[in-house]
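Per-entry structural report
Take a look at the letters that make up each chain.
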Amino acid sequence: MALVLVVVALLATGLAVAYGIERTSGDRALPAVPTVPAPTVSRPPALRDLMPPTVRVGSAADGRWMSLDAEYGELLGSEFDAITPENAMKWANLEPSPDVYTWAGADQLVGFAEQHDQSVYGHTLLGRTDVPRWVDPQWSADQLRAVLRDHVTAVVSRYRGRVWAWDVINEALDEDGSLRDTLWLRKLGPGYIAEVFRWAHAADPGARLFINDYGVEGRTRKADALLELVRELRRAGVPVDGVGFQSHLRWDEQPRDMVGNLRRFAQLGVSVAITELDVRIALPETAAKRERQAALYRQVLQACLAVPACVSFTVWGFTDARSWIPGYHAGYGAACIFDAALVPKPAHAALMDQLRRIPSPTGAGPGPG
């Protein structure tokens, strides 16, 4: 019996030590034994950990994949400090019927971003392919202008203070640099671009407003035309705050003088941003093609970091499992920085390596990581 009592006493003492319970001796309380915290398991550095504080690093995102794949959401939240709704904020999806808005998808992504300390880059208020079918081309100019103004005002107002930047106009230029032949150009004239920017600014004066296009990453005829368009808009007092360079690239082609191109836009007084970067590979994929892809990802990041006006670096989806490329570019794929199993590819390693090469603010060598 005495042995049992001794064992019970020892167990009780052990529990008290483990849980920090005060022991008493008569009327005198003995100090609790401090608990030892469990060791924390640190995750490896992510892109958001290494990117300079002046540059957001983001990915396009689709709420459907977050709902279906927990690992997708975990990686999206840990790797990036900004997200761009891939389709949820496009007009045809937000307003499928007149004055009937389906906010759920956009709200989900904005809420996710807020939970993960991420910025939201809104995409897009007016894109060339995203006009709802109920918008009738036979309407008068006044009717069309009113419908467009109401839509822009409703969307920007709903997310006022929660979206840091908007693609206000997406793909306004044709391949030769002329204004694209759209319903809005035909019915409202070229002034529609300035009007949409002004409506967006009125709805949220704090949001940064971008014009976004593809095929303008290097010095091209289209880039020249975009430069002149932005210059004219700024001279007219239109609140164009930035220019987005989509950067849907091919693994075997490089933009011509990307750094110089970004700099000449920055000289207009606007921010610049890499908004939709992916690098598609001609299938079948090989190790050599992956390495060339990685080099191109690195080159684009280098260009952004070389231009102080570059405020954002966004990949258009981060996993090959969810990429838009195979559905739009036959014979191409594997365009993202993580493979279909969410394993980092050489492209991701190249980005991380480039960020580690950034001198620290103290000048004491490379930055964190």
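Our subject in this report is the structure included herewith. Just so you know, these numbers come straight off a predicted model, no measurement behind them.

Bringing the packing of helix α7 (residues 141-158) against helix α9 (residues 192-203) into the picture now. Between α7 and α9, the shortest axis-to-axis distance is 8 Å and the interhelical angle comes to 35 degrees. As for the relative orientation of α7 and α9, their crossing is right-handed in sense. Across the interface between the two elements, Arg145, Leu148, Arg149, Val152, Thr153, Val156 and Ser157 of α7 pack against Glu195, Val196, Trp199, Ala200 and Ala203 of α9. Here the contact of α7 with α9 is composed, by residue class, of 7 nonpolar, 2 polar and 3 charged.

Attention shifts here to the pairing of strand β6 (residues 165-170). Burial of β6 is extensive: 6 of the 6 residues sit out of reach of the surface. Inspection of the sheet shows strand β5 (residues 119-127) paired to β6 by 5 bridges, in the parallel sense. In the strand pairing of β6, glycine 122 is matched with tryptophan 166. For the handedness criterion, the β-α-β arrangement of β5, α7 and β6 is classed as right-handed. Where β6 and strand β7 (residues 208-213) come together, 5 bridges link them in parallel fashion.

What follows deals with the packing of aromatic side chains. The tally for this structure, following the rule as stated, stands at 13 aromatic pairs. Judged by centre distance (4.7 Å) and plane angle (5 degrees), the rings of tyrosine 101 and tryptophan 103 are stacked. Taken together, the ring pairs in this structure connect Tyr72, Phe80, Phe318 and Phe338 into an aromatic cluster. Taking the ring centre of tyrosine 332 as reference, the NZ or CZ of arginine 280 above it sits at 5.6 Å. In this arrangement the basic side chain of arginine 322 is found over the ring face of tryptophan 65, its NZ or CZ atom lying 4.1 Å from the centre.

Residue position: glycine 215 is located in the loop between β7 and α10 (221-235). For glycine 215, a relative accessible area of 33% puts it in the partly exposed group. In this structure the C-alpha to C-alpha distance between glycine 215 and glutamate 175, which are 40 residues apart in sequence, comes to 7.9 Å. Leaving out residues up to four positions away in the same chain, glycine 215 has contacts with Thr220 and Lys222.

Let's shift gears to the state of the cysteines. Under the definition given, this model contains 1 disulfide. The disulfide partner of cysteine 304 is cysteine 310, and the gap between their sulfur atoms is 2.1 Å. Residues cysteine 304 and cysteine 310 share a disulfide whose torsion about the S-S bond is about -100 degrees; that sign makes it left-handed. Residue classification places cysteine 304 among the buried positions, given a relative accessible area of 1%. Cysteine 310 sits in the buried class, given a relative accessible area of 1%.

With 15 residues, α10 extends 21 Å between its outermost C-alpha atoms, agreeing within 8% with the 21 Å of an ideal straight helix rising 1.5 Å per residue. Residues Lys222, Ala223, Leu226, Leu227, Leu229, Val230 and Leu233 constitute the buried set of α10. Seen from one end, α10 has its buried residues packed into an arc of 165 degrees, which puts them on one side. Exposed positions of α10 whose direction lies more than 90 degrees from the buried face are Arg221 and Arg235. Where α10 is buried, its residues touch α9, β7, β8 (242-245) and α11 (258-266). Just past α10, the residue glycine 237 takes up positive phi, approximately 80 degrees.

A few words now on the side chain of asparagine 261. Looking at the element boundaries, asparagine 261 is found in helix α11. Residue classification places asparagine 261 among the buried positions, given a relative accessible area of 0%. For asparagine 261, the residues in contact, after removing those within four places along its chain, are Val216, Glu217, Gly218, Arg219, Ala223 and Phe245.

Moving on, we come to α7. Taking 1.5 Å per residue, 18 residues should reach 26 Å; α7 reaches 26 Å between its end C-alpha atoms and fits that length. Of the residues making up α7, those classed as buried are Leu144, Leu148, His151, Val152, Val155 and Val156. Looking straight down α7, one finds that the buried residues subtend no more than 115 degrees of arc, so they occupy a single side. On its buried side, α7 packs onto α5 (91-94), β5, β6, α8 (183-188) and α9.

Analysis parameters
Residues numbered from 1 in each chain as written. Predicted model: local features only at pLDDT ≥ 70, side-chain atom pairs only at ≥ 80, totals over all residues. Heavy atoms only, no water. Axes fitted to C-alpha atoms, helices over the stretch in contact; angles between N-to-C directions. Helix = DSSP H or I, 4+ residues; strand = E, 2+ residues; numbered from the N terminus. Left-handed = near helix turned anticlockwise from the far one by under 90°. Contact = heavy atoms within 4.5 Å. Nonpolar A, V, L, I, M, F, W, Y, C, P; charged D, E, K, R; others polar. Buried < 20%, exposed > 50% of the residue type's maximum accessible area, 1.4 Å probe, protein only. Pairing = 2+ DSSP bridges. Right-handed = clockwise from strand over helix to strand, strands pointing away. Phe/Tyr/Trp six-rings, centres within 6.5 Å; stacked < 30°, edge-to-face > 60°. Lys NZ or Arg CZ within 6 Å of the ring centre and 35° of its normal. Disulfide = S-S within 2.5 Å. Expected span 1.5 Å × (residues − 1). Arc of directions from axis to C-beta.

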